[in-house]
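Structure at a glance
Take a look at the letters that make up each chain.
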Amino acid sequence: MSRMSIGLRPASLRTRLTWLIIAVMVAVLIPLGWISYRRELREMNELLDGRLAQAGRTLGTLIAHGQLPLHDADLPSITQSADRHHHGVVVSVHPHNYEPEVGFQAYDPQGEVIAATSNFADLPPPTSEERGFRDIEREGKRWRTFTLQNRANLVIRIGEQSDNRVDIARGLVIEHTLPLLIGLPLLALLVSLAVKRGLRPVAVLTEMLDRRTPGSRKPMPADVAPGEIKPLIVALNQQLERLEDALDREHRFATDVAHELRTPLAATMIHLESAMIADDPGEVEFTVRHAQQSMARLGRRIEQILAMARLEAGAASQQRTPMDLIRIATEVIEELAPLIVEKDIAVGLSHDEDSMVVLGHEVALTAMFRNLIENALRYTESEGQVDVSVRREGGHAIVDICDNGPGIPEDRRQAVFQRFHREVESATRGYGLGLSIVQRAIELHEASIELLESPSGRGLLVRIRLAANG
């Protein structure tokens, strides 16, 4: 069973639509044809019964008024019955091939036969219960008869063989089935062509997807698409956009890892190499301890990078939560204490309130503070100054990070947010990916960032504006 299932190919949409339309047409046309056939057959029988009844009344009227030309030479042979049961005239019937065979009997008020056709001559007289229309079997043939009693008290029974009705019914069957037999294959072909033409937008969409280059963010045109295809194209564009965003995040993640882990790894390698060449046990212990601290920072950064990647990809389901910017800034400064001590830089943190709460994501805010403060430390010379300020301004929280380093020329400040950008005059590493990570954190919080001149006239002031909570 599994092998058979594997070998079966799903039917194409065109084939499925074609067969479904044909099935619907068959399901509709066959019952309609059957209903039409039954209605026409009933009307045909009513028409023939009416003609038979009219013929019987006319025959009775002619006999009652003595106007039946029983001795006309043009009639079939007429003989007097010698049978003691039949004292009337017996008319021999010789119908043509295209004429239905008919017969009749006429009785006087006393029940004596006045006239009869040869094919009805030996029928017993009709009883009172046999008046009206009846179907009888005679010599293996079916007859439709009509019996009446007219005003002259003459009893007339007239009938015709049912072969004529059978032929008409057969003709109606052919008339209703032949168009179906001929028309359904033609309809199937036309439906297949119509479905193919109707599915042309799907084929065009497939061709456009085949020609689409990897990494393209150009949306598929949906304005000229049919109403049924337009939602599909819109959803497809959204899915392609999400896919491109996911690929970009993967690429950014790889480069961010390289950027964020480079410094801790380098510091760890330097400390380990120092420990290997040191002769003093105290110096070995000192360098190994610093290597351990670098590895701890490395683990912390890996954890933050992974959390940031999950946050950007939407894997983190948590909503924004109240976060204290002062607490986060304090923790980041403490984390960067070894670098601060190493470069002998004075770092100050000022705030006008005990806490400054915003709705945000801790991982993104921590990455924002760490990259900005670390960049400021890198670009500030020894015995320099870095000041971090957190204050409230209306309904916003304002974060200022100011250094007295070389700064960035005004005409190049927007460029530093581009990935891999580094200032040509820079003698140290930085502003390659750090500010792009900051920019993503800013976007996650719908905040704003400005690069301004330092109030001291030397260095850079980074100002961030976030919506305060409360």
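Computed from a predicted structure; not experimentally measured. (Residues numbered from 1 in each chain as written. Predicted model: local features only at pLDDT ≥ 70, side-chain atom pairs only at ≥ 80, totals over all residues. Heavy atoms only, no water.)

**Description of the packing of helix 2 (residues 13-64) against helix 3 (residues 163-198)**
Any two packed helices are characterised by how steeply their axes cross, that is the angle between the axes, and by the distance between the axes. At their nearest, the axes of helix 2 and helix 3 sit 9 Å apart, and the two run at 160 degrees to each other. Here helix 2 is positioned roughly antiparallel relative to helix 3, judged by the angle of their axes. Relative to helix 3, the crossing made by helix 2 is right-handed. (Axes fitted to C-alpha atoms, helices over the stretch in contact; angles between N-to-C directions. Helix = DSSP H or I, 4+ residues; strand = E, 2+ residues; numbered from the N terminus. Parallel < 35°, antiparallel > 145°, perpendicular 65-115°, else oblique. Left-handed = near helix turned anticlockwise from the far one by under 90°.)

**Considering the pattern of salt bridges**
For the coordinates displayed, the defined rule picks out 16 salt bridges. Across the pair Glu331 and Arg327 runs a salt bridge, and its minimum N-O distance is 3.0 Å. Of this pair, Glu331 and Arg327 both sit in helix 7 (residues 325-335), 4 residues apart, which is roughly one turn of the helix. For Arg378, the salt bridge identified is with Glu374, shortest N-O distance 3.4 Å. Of the two residues, Arg378 and Glu374 are both situated in helix 9 (residues 362-379); the distance of 4 residues between them amounts to about one turn of the helix. Judged on exposure class, the residue Arg378 and its partner Glu374 are both buried. Three or more residues are tied together by salt bridges with common partners; here these are Asp49, Asp135, Glu137, Arg142 and Arg144. (Salt bridge = Lys/Arg side-chain N within 4 Å of Asp/Glu carboxyl O. Buried < 20%, exposed > 50% of the residue type's maximum accessible area, 1.4 Å probe, protein only.)

**Section: the sheet that holds strand 9 (residues 346-351)**
Think of a sheet as strands paired side by side through backbone hydrogen bonds, with each pair either parallel or antiparallel. Taking strand neighbours across the sheet as the criterion, the 5 strands line up as 9-11-12-14-13 in an open arrangement whose pairing is mixed. Strand pairing shows two members of the sheet lacking a second neighbour, strand 9 and strand 13 (448-453), which therefore form its edges. Strand after strand, the sheet turns through a mean of 15 degrees between neighbouring axes, direction not considered. When strand 13 meets strand 14 (residues 460-467), the two strands line up antiparallel, connected through 6 bridges. In the sheet register, Leu452 faces strand 14, and the bridge partner there is Leu461. (Pairing = 2+ DSSP bridges.)

**Describing the pairing of strand 7 (residues 155-161)**
The side chains of a regular strand alternate between the sheet's two faces. Burial within strand 7 is extensive, with 7 of its 7 residues counted as buried. Bridge count between strand 3 (residues 102-107) and strand 7: 6 bridges; the pairing is antiparallel. The partner of Val102 across the bridge, within strand 7, is Glu160. Pairing between strand 6 (residues 141-149) and strand 7: 7 bridges, direction antiparallel. Opposite Trp143, over in strand 7, you have Gln161 as the bridge partner. Between the antiparallel neighbours strand 6 and strand 7 lie 5 residues, among them Asn153 with a positive phi of about 60 degrees.

**Examining the environment of Glu446**
Position of Glu446 relative to the elements: it lies in the loop between helix 10 (434-444) and strand 13. Linking Glu446 and Ala467, residues 21 residues apart in sequence, is a C-alpha distance of 8.4 Å.

**What to know about the UniProt feature "transmembrane region" (unreviewed entry) in the protein chain**
Per the UniProt entry, the sites bearing "transmembrane region" (unreviewed entry) are residues 17-37 and 178-195 in this numbering. In residues 17-37, the share of helix is 100% and the share of strand is 0%. The end C-alpha atoms are 30 Å apart. The span residues 178-195 is 100% helical and 0% strand by assignment, and the distance between its end C-alpha atoms comes to 25 Å. (UniProt positions renumbered as here; feature names shortened; annotations may be inferred.)

**Let's talk about the packing of aromatic side chains**
Across all of its chains, the model carries 2 aromatic pairs by this definition. Aromatic pair Phe120 and Trp143: ring centres 5.1 Å apart, planes at 65 degrees, arrangement edge-to-face. You can see Phe120 sitting in the loop between strand 4 (113-117) and strand 5 (132-138) and its partner Trp143 sitting in strand 6, a full 23 residues away along the chain. Judged by its relative accessible area of 3%, Trp143 is buried. (Phe/Tyr/Trp six-rings, centres within 6.5 Å; stacked < 30°, edge-to-face > 60°.)

**Remarks on the confidence of the model for the protein chain**
Mean pLDDT for the protein chain: 77, with 81% of residues reaching 70 or above. A low-confidence stretch, residues 71-87 (pLDDT under 50), is modelled with 26 contacts involving residues beyond four sequence positions or located in other chains. Taken as a whole, residues 419-432 scores under 50 in pLDDT and shows 40 contacts with residues more than four places along the chain or in a different chain. (pLDDT = per-residue confidence, 0-100. Contact = heavy atoms within 4.5 Å.)

**Description of the packing of helix 7 against helix 9**
Between helix 7 and helix 9, whose axes approach to 9 Å, the crossing angle comes to 50 degrees. The angle between helix 7 and helix 9 places the two elements in the oblique class. Between helix 7 and helix 9 lies a crossing whose hand is right-handed. Facing helix 7, whose interface residues are Leu325, Arg327, Ile328, Ala329, Glu331, Val332, Ile333 and Glu335, helix 9 presents Glu362, Leu365, Thr366, Phe369, Arg370 and Ile373. Grouping the constituent residues of the contact of helix 7 with helix 9 by class yields 8 nonpolar, 1 polar and 5 charged. (Nonpolar A, V, L, I, M, F, W, Y, C, P; charged D, E, K, R; others polar.)

**Examining unusual backbone geometry**
Positive phi values are uncommon outside glycine, yet Asn153 reaches one of about 60 degrees. Considering the arrangement of structural elements, one finds Asn153 in the loop between strand 6 and strand 7. Positioned with a positive phi, Asp344 is a non-glycine residue whose angle comes to about 55 degrees. Counting through the fold element by element, Asp344 comes out in the loop between helix 8 (337-343) and strand 9.

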